[in-house]
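Residues per chain, in single letters:
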Amino acid sequence: MTDATDPLTREWQGPTPRDMLVAKVKGHTGLLIGVGIVGLLTFVAILAPVLAPHDPYAQSLMTRMEPPVFLGGTWEHPLGTDHLGRDYLSRLIYGARVSLLIGAVAALISGLIGTAMGVAAGYFGGKVDMVVTFLINVRLAMPVVLVALAVVAILGGSLTVVICVLGLLLWDRFAVVMRASTLQVSRRDYVAAARSIGASTPRIVLTEIMPNIFNNLIVVITLEMAHAILLEAALSFLGLGVQPPTPSWGLMVSEGKNMMLFEPWLVLIPGAVLFLLVLAINLMGDGLRDVTAPENRS
Amino acid sequence: MLPFILKRLGLALLVAFTVSFISFLLLFLSGDPAAALAGETASGEDIEAIRRVYGFDRPMLVQYGEWLVSALQGDFGESYYFKLPVAGLIAERLQVTMILGVCGISFALLTAVPLGVAAAIRPNSIVDRVALFMSVAGQAMPSFWFGLILIVVFAIQLGMLPPSGAETWRHFILPTVVLGYYAMPAIMRLTRAGMLDTLNSDYIRTARAKGAGEGRVLFKHALRNAIIPVVSLAAVQMGFMLGGSIVVESVFALHGAGYLAWESIARNDLPTVQALILVFSMFYIVFTFLADVLNAWLDPRMRSA
Amino acid sequence: MTDDTLLEVRNLTLDIPTGAGTLHAVRGIDFELRRGETLSIVGESGSGKSLTSLAVMGLLGKGIRRDADVMRFEDTDLLTASRRRMRALRGDRIAMIFQEPMTSLNPAYTIGDQLIETLKLHRRVSTSAARARAVELLEKVGITAAASRLGQYPHQLSGGLRQRVMIALALMCEPDLLIADEPTTALDVTIQAQILRLLVDLTREMDMAMILITHDLGVVARVADKVAVMYAGELVETGPAAAVFERPSHPYTRGLLRCIPQPGKTDRGSQLGTIPGIVPSLVGEVTGCAFRTRCPHAVPECRAAIPVRGDAAHDFRCVHADGAISAEKETA
């Protein structure tokens, strides 16, 4: 019986994959919050010269350690001034540039290194895989904070040095994840099919493998960006990262630390912004993993 | 199981040697260690003299060989700053760091495992959401900032705990929380995922069909299987934590090995830094090796293999 | 309900709330089982057989709603029994064997630990007595060197051996009712027959009732006293095995029977039957006969309530008085 009005014959009218992705993104509050905050802070960082009310380097001994507005300060310095009389809001805004720049470039460098290693290991297997796995083990055994501190101290703490050191140290997770993803993808039939029609290795890697592991790469890039930002802040806090007078949030916490007893906001504000940025990037990364994962977390 | 242990031991040794070579190379990263040692005001003759005394004029591999041989005998040279044997300096400071590490990982396990189990029993419940929030927040929290906040609140405002130092057990509470909170999210997430996975497995249904009570099902049948990967994660985290103790020790002025590392880096005391990097790496290597062995022993499928 | 009735189920309904609406997985099914009797529930995957057995065990997953007029095991009302009472029944009076022997044993404990645990959960016995009982049962299910197997882990045994261990586990407390949910499906064909033979022999020997859930009518013909044919959450035909096989009255039952070769009935070289179409979605309101979308004899009346028909021997649900047997004979 083919009676179209019979409720039991109704066909499954499922949503398309694209509809489902859109629905997942819209339904994922964490992802939306993360993207929103990261977008806002990126916007602030780019427009820092326009948005900052003062020169972040301009010292004024007459107006040192003025409290923020909500603690009885004036709108001239909405978040107060530091121990050298520099406008705290302006330093915070320029600090977003430092954090985002270091996070993005370091994640990019380590992403290039780690992806190359991971894809090579996963694709070629055998000896290449053994060497890469060994290098990952060696890298994991090195205490990251200590090595980064030592190298930055020896080479001198400029922005470039910090970025390069972090970029050269944080490739481990890229290598681990990309190796596993490549292993999985290169077992699929379409890779065998590409090989069987004589496609070259670079071509297979670029057209068959990379597009299929790109989701995972994006997720790791965001998570490692957060990692790099936290590490830079820790290095600068310890006085062996970005050097004064560059406005780095970690450095601001470190400078405020001595006045913490009397002016805790000097520590609270830059730390809170740092926390917020890292939280937002992590939410974005976790969210991206959730929405792009084949089987979604319930 | 023995072949597995031997293979794993071989890898650990190989990694250890590679790490030792890399930390040795650090000395040469600065260009001329003799010049660094002599200081900025030294004359060319002084630098040459130091070069000869310390043997920096010989081939690098020879120097590495010598350094390694003495390091294996527990001799890491003399600190540029303290003019004392590095090994003694580190040994003296290591106790504080070890106490901190053990307390930190215990704190992390004692909070993260129950929370992970509770979250897995009732997914999407309030407990699950709180656990998720704590782990997301924990991963984003800069540990130095968290430490400072705890000092402001508990030491300064409430006056309950000392802000710094290492004299009594009360000095270790805040650093333990900060260090432990760093390892908590990963352990919590793995426990939750593992419990969710095992609770959906067929053998849990078998246990229920036997008439086992909920407590027995959860702890004897599910947790026993879910905890296996948590053990190795905890060991890895312990290794990371010792390396990360440098930040916590500097915030709380705990004079442990991490604090020594910080001081030595600031003072350009390269032999001490080298030795500390090596020591922290060795801890990581030993912990992960032990974790893998323990893991294999806990999992019958690997034990009999 | 006669005195030796062990299990009685009347009008059992199982609903699963889903995002798209309520899934009416099992709708109004009845069956009863006497001591020592074997009932076979037959149907395709997804027809609700396993859910029905889990409902009896009280092991339905969270969120599945169970409703029935009667659900009684001996003197216990399963609908109102406390969790404690259900725990006491499970593993002791009612035992269950699952489809997947490879994953149904806990990988972290030895066979011995798992067998002994079952007995100790329900009886106050010493470990050595429990161990002796475990050895005795392993021997009974045909495992050689039983004593040395106690120290082995599940991963060291083959699938067939593990299913034997599962059977031993179920029998540790000499249950009155054994529920076997597709016990042979995951096994090699040669092992399947052995395990089935073993189950039948053991139920006879121990005077156990058994609910055998399967999709394989060939299995049913050999072992069952009674058969219940399930389609899309409903029992479409029930009765003594002999009667159902002799005079399969529901079109679905006949469709199933045509899918298996039968000695003497199926001609050599002839095509085995298939039932075209797929099982309908049970989300939302389900009325009438669920088989009508695949039934060759469907008529508009199939969408209304379906009468239960039957002869002296067995019952079936169909709008056609004779289950459309005559119509099939005409076309044949």
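Owing to the predicted nature of the structure, the values given are computational and were not obtained by experimental measurement. (Residues numbered from 1 in each chain as written. Chains lettered and ligands numbered in written order. Predicted model: local features only at pLDDT ≥ 70, side-chain atom pairs only at ≥ 80, totals over all residues. Heavy atoms only, no water.)

Chemist: Explain the overall build of chain A residue by residue, including any values.
Modeler: Per the secondary structure count, chain A includes 12 helices and zero strands. Walking chain A from its N terminus toward its C terminus, one meets helices and strands in the order α-α-α-α-α-α-α-α-α-α-α-α. Projected onto its principal axes, the C-alpha coordinates of chain A cover approximately 85 × 60 × 30 Å. Counting the 298 residues in chain A, one finds 50% classified as buried. A total of about 13800 Å² of accessible surface is found on chain A, and carbon and sulfur atoms cover 67% of it. Distance between charge centres in chain A, computed from 19 positive and 20 negative side chains, equals 8 Å. (Helix = DSSP H or I, 4+ residues; strand = E, 2+ residues; numbered from the N terminus. Buried < 20%, exposed > 50% of the residue type's maximum accessible area, 1.4 Å probe, protein only. Areas by Shrake-Rupley, 256 points an atom, 1.4 Å probe, with all protein chains shown as cover. Lys, Arg positive; Asp, Glu negative; His and termini not counted. Charge placed at Lys NZ, Arg CZ, Asp CG, Glu CD.)

Chemist: Which residues make up the packing of helix 6 (residues 126-140) of chain B against helix 8 (residues 173-199) of chain B, and what values go with them?
Modeler: All names here are of chain B. Contact pair helix 6 / helix 8: the axes reach a minimum separation of 8 Å and the direction vectors enclose 140°. When the axes of helix 6 and helix 8 are compared, the pair comes out oblique. The two elements helix 6 and helix 8 meet at a crossing, and its hand is left-handed. Residue-level inspection shows D128, A131, L132, M134, S135, V136, A137, G138 and Q139 of helix 6 in contact with helix 8, the latter providing Y181, M184, P185, M188, R189 and R192. Taken together, the residues that form the contact of helix 6 with helix 8 break down as nine nonpolar, three polar and three charged. (Axes fitted to C-alpha atoms, helices over the stretch in contact; angles between N-to-C directions. Parallel < 35°, antiparallel > 145°, perpendicular 65-115°, else oblique. Left-handed = near helix turned anticlockwise from the far one by under 90°. Contact = heavy atoms within 4.5 Å. Nonpolar A, V, L, I, M, F, W, Y, C, P; charged D, E, K, R; others polar.)

Chemist: Mind laying out the interface of chain B and chain A, listing which residues take part and the relevant values?
Modeler: With 43 residues of chain B in contact, the opposing surface of chain A contributes 42 residues. Of the roughly 3700 Å² buried at the junction of chain B and chain A (both faces included), carbon and sulfur atoms supply 81%. When the area that chain B buries against chain A is broken down by residue, the three leading residues are F144, W145 and I265 of chain B, summing to 17%. Measuring nitrogen to oxygen at the nearest pair gives 3.2 Å for the salt bridge that ties D286 of chain A to R189 of chain B. One can count four residue pairs in polar contact (both at pLDDT 80 or more) joining chain B with chain A. Elements that contribute at least two residues to the side of chain B that touches chain A include exactly helix 1 (2-29), helix 6, helix 7 (143-157), helix 8, helix 10 (214-251), helix 11 (257-266) and helix 12 (270-298) of chain B. Within the side of chain B that touches chain A, the residues separate by chemical class into 34 nonpolar, seven polar and two charged. (Buried area = accessible area lost by both parts, 1.4 Å probe. Salt bridge = Lys/Arg side-chain N within 4 Å of Asp/Glu carboxyl O. Polar contact = N/O pair within 3.5 Å; in protein donor to acceptor, adjacent residues only side chain to side chain.)

Chemist: Before we move on, could you go through the UniProt feature "domain: ABC transmembrane type-1" (unreviewed entry) in chain A and cite the residues and values that matter?
Modeler: Per the UniProt record, the feature "domain: ABC transmembrane type-1" (unreviewed entry) sits at residues 96-285 of chain A. Spanning residues 96-285 of chain A, this segment combines 83% helix with 0% strand, and its end C-alpha atoms are found 19 Å apart. (UniProt positions renumbered as here; feature names shortened; annotations may be inferred.)

Chemist: Explain the sheet that holds strand 13 (residues 315-317) of chain C to me, and be specific about the residues and the numbers.
Modeler: Residues and elements named next belong to chain C. In spatial order, the strands read 7-8-9-3-10-11-13-12; together these eight strands make up an open sheet with mixed pairing. Strands with a single pairing partner mark the edges of an open sheet, and in this sheet they are strand 7 (94-97) and strand 12 (308-310). Averaged over all neighbouring strand pairs, the angle between strand axes comes to 20°, with direction disregarded. One ladder, built from two bridges, connects strand 11 (residues 234-240) with strand 13; its direction is antiparallel. Of the residues in strand 13, the one forming a bridge with E237 is F316. Contacts from helix 7 (residues 189-206) reach strand 7, strand 8 (177-181) and strand 9 (209-214) within the one sheet, and its direction differs from that of strand 9 by about 160°. Against the sheet, helix 10 (residues 251-258) touches strand 3 (38-42), strand 10 (226-231) and strand 11, its axis set at about 100° to strand 10. (Pairing = 2+ DSSP bridges.)

Chemist: Quick one: what's the story with the side chain of S232 of chain B, residue by residue and with numbers?
Modeler: All names here are of chain B. Assignment of secondary structure puts S232 in helix 10. At 3.2 Å, the side chain of S232 and the backbone oxygen of P229 are in polar contact. Of the polar contacts made by the side chain of S232, one reaches the side chain of N295; its length is 3.0 Å. Contact partners of S232, with chain neighbours within four places excluded, come to A291 and N295.

Chemist: Let's hear about the pairing of strand 7 of chain C: which residues, and what values?
Modeler: All names here are of chain C. Burial along strand 7 is two-sided: I94 and M96 facing one way and A95 and I97 facing the other are all buried. Sheet topology note: the strand 7/strand 8 ladder contains four bridges and is parallel. Bridge assignment links I97 to a residue of strand 8, and that residue is A180.

Chemist: So what's going on with the interface of chain B and chain C? Residues and values would help.
Modeler: Residue-level contacts link 21 residues of chain B with 29 residues of chain C. Roughly 2200 Å² of surface becomes buried between chain B and chain C when both sides are summed, with 55% attributable to carbon and sulfur atoms. For the chain B face of the interface with chain C, the top three residues by lost area are R205, A209 and K210 of chain B, together amounting to 28%. Taken together, chain B and chain C are joined by three salt bridges. E117 of chain C serves as the salt-bridge partner of K220 of chain B, at 3.9 Å between the closest nitrogen and oxygen. The tally of links from chain B across to chain C stands at 14 residue pairs in polar contact (both at pLDDT 80 or more). When residues of the side of chain B that touches chain C are traced back to their parent elements, those giving at least two are helix 9 (202-209), helix 10 and helix 13 (300-303) of chain B.

Chemist: Break down the nonpolar core for me, citing the residues and quoting the values.
Modeler: Ranked by internal contacts, the top residues of the largest apolar core, which has 171 residues, are L166 of chain A together with F144, I187 and M195 of chain B. Sorting elements by how many residues they give to this core places helix 10 of chain B first, with 16 residues. If we ignore the near neighbours within four places in the chain, the residues touching I187 of chain B are I105, A108, L109, A112, V113, V230, L233, A234 and Q237 of chain B. V56, I116, L157 and L202 of chain C belong to the second-largest nonpolar core, a separate cluster that totals 77 residues. (Core = buried A, V, L, I, M, F, W, Y, C linked by side-chain atoms within 4.5 Å.)

Chemist: Go over the UniProt feature "transmembrane region" (unreviewed entry) in chain B with me, naming the residues and quoting the values.
Modeler: The UniProt record annotates "transmembrane region" (unreviewed entry) at residues 98-121, 142-160, 172-191, 226-255 and 275-298 of chain B. Between the end C-alpha atoms of residues 226-255 of chain B the distance is 37 Å, and the span holds 87% helix and 0% strand.

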